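Examination of the molecular architecture
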Amino acid sequence: MLEEAAAELFLEQTYEGTTIDDIANRSGVSRNTFFNYFSSKSDVLWVDLDETVSALGGILGSLSPNGDVLGDVEAALTKVAAEHPSNRVPWALTQIDLMGTRDVLLSSGMVRLLAVTELITSFIRARSGASVRGATAAAALTAAAATAAAQWAGDGVSRGPLDVYVREAIAPICVGFAPHFERGGHKQ
């Protein structure tokens, strides 16, 4: 309800022109109720992504510790993308100019990208011991997955499944880094 009200208001009067009170009023709730669900106005823009990405840690944690580290990351990212509802394309991405969300998406998105990168980095380090290359691989995978999601959102009615975009974007990174994470002899 809050997310829909926010999207309507952002389309009507832009992100900057909309206050938290406007969103709460449109939703028929109090300002305090808004803060029960969101810590800031920008969090409303990320509901779908936050829900989708929150599953990543659980998926990575459920994998066998003996698997191929990059293959497992690739499978986890692809699975998270496949589980994202195909009809839930963030309006803040598809209507970026109408809503005026470009700057806030960049700033609030960075926190989320760093969190995903740290999650993947921790997984790679725990499984392989790799430090610099593990962090570099994690950052490259996160950037590729984010680029894929942005392309997916921007493709409009011609878009295919999100997991296809993500798989296509991250596969070359996994292939390129694979020699550095071989079993029994990873290189740092």
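What comes next concerns the included structure.

Reading the values: rules and limits
- Residues numbered from 1 in each chain as written.
- Predicted model: local features only at pLDDT ≥ 70, side-chain atom pairs only at ≥ 80, totals over all residues.
- Heavy atoms only, no water.
- Axes fitted to C-alpha atoms, helices over the stretch in contact; angles between N-to-C directions.
- Helix = DSSP H or I, 4+ residues; strand = E, 2+ residues; numbered from the N terminus.
- Parallel < 35°, antiparallel > 145°, perpendicular 65-115°, else oblique.
- Left-handed = near helix turned anticlockwise from the far one by under 90°.
- Contact = heavy atoms within 4.5 Å.
- Polar contact = N/O pair within 3.5 Å; in protein donor to acceptor, adjacent residues only side chain to side chain.
- Nonpolar A, V, L, I, M, F, W, Y, C, P; charged D, E, K, R; others polar.
- Buried < 20%, exposed > 50% of the residue type's maximum accessible area, 1.4 Å probe, protein only.

1. Thoughts on the packing of helix H8 (residues 102-128) against helix H9 (residues 132-154)
The contact between H8 and H9 brings their axes to 8 Å, and the two run at 135°. On the basis of their axis angle, the class for H8 and H9 is oblique. Considering only the axes of H8 and H9, their crossing is right-handed. Across the interface between the two elements, Leu 113, Val 116, Thr 117, Ile 120, Thr 121, Ile 124 and Arg 125 of H8 pack against Gly 134, Ala 135, Ala 137, Ala 138, Ala 139, Thr 142 and Ala 146 of H9.

2. Some points on the environment of Arg 127
Tracing the backbone shows Arg 127 in helix H8. For the pair Arg 127 and Gln 95, spaced 32 residues apart in the sequence, the C-alpha separation amounts to 40 Å. Within the local environment of Arg 127, its side chain forms a polar contact with the backbone oxygen of Gly 67, the two atoms lying 2.6 Å apart.

3. Considering the environment of Thr 142
As for its placement among the helices and strands, Thr 142 is situated in helix H9. The sequence separation of Thr 142 and Leu 114 amounts to 28 residues, and the corresponding C-alpha distance is 8.5 Å. Excluding anything up to four places from it in sequence, Thr 142 contacts Leu 113, Val 116, Thr 117 and Ile 120. In this structure the side chain of Thr 142 is engaged in a polar contact, spanning 2.9 Å, whose partner is the backbone oxygen of Ala 138.

4. Some words on the packing of helix H1 (residues 2-13) against helix H2 (residues 20-27)
With their axes 9 Å apart at the nearest point, H1 and H2 run at an angle of 120° to one another. What the angle tells us is that H1 and H2 run oblique. The way H1 lies across H2 gives a crossing that is right-handed. Note on element contacts: H2 touches H1 through Asp 22, Ile 23, Arg 26 and Ser 27, opposite Leu 2, Ala 5, Ala 6, Glu 8, Leu 9, Phe 10, Glu 12 and Gln 13. Broken down by class, the residue content of the contact of H1 with H2 amounts to six nonpolar, two polar and four charged.

5. Here we look at unusual backbone geometry
We note that Thr 14 has phi near 70°; this positive angle belongs to a residue other than glycine. Assignment of secondary structure puts Thr 14 in the loop between H1 and H2. Residue classification places Thr 14 among the partly exposed positions, given a relative accessible area of 33%.

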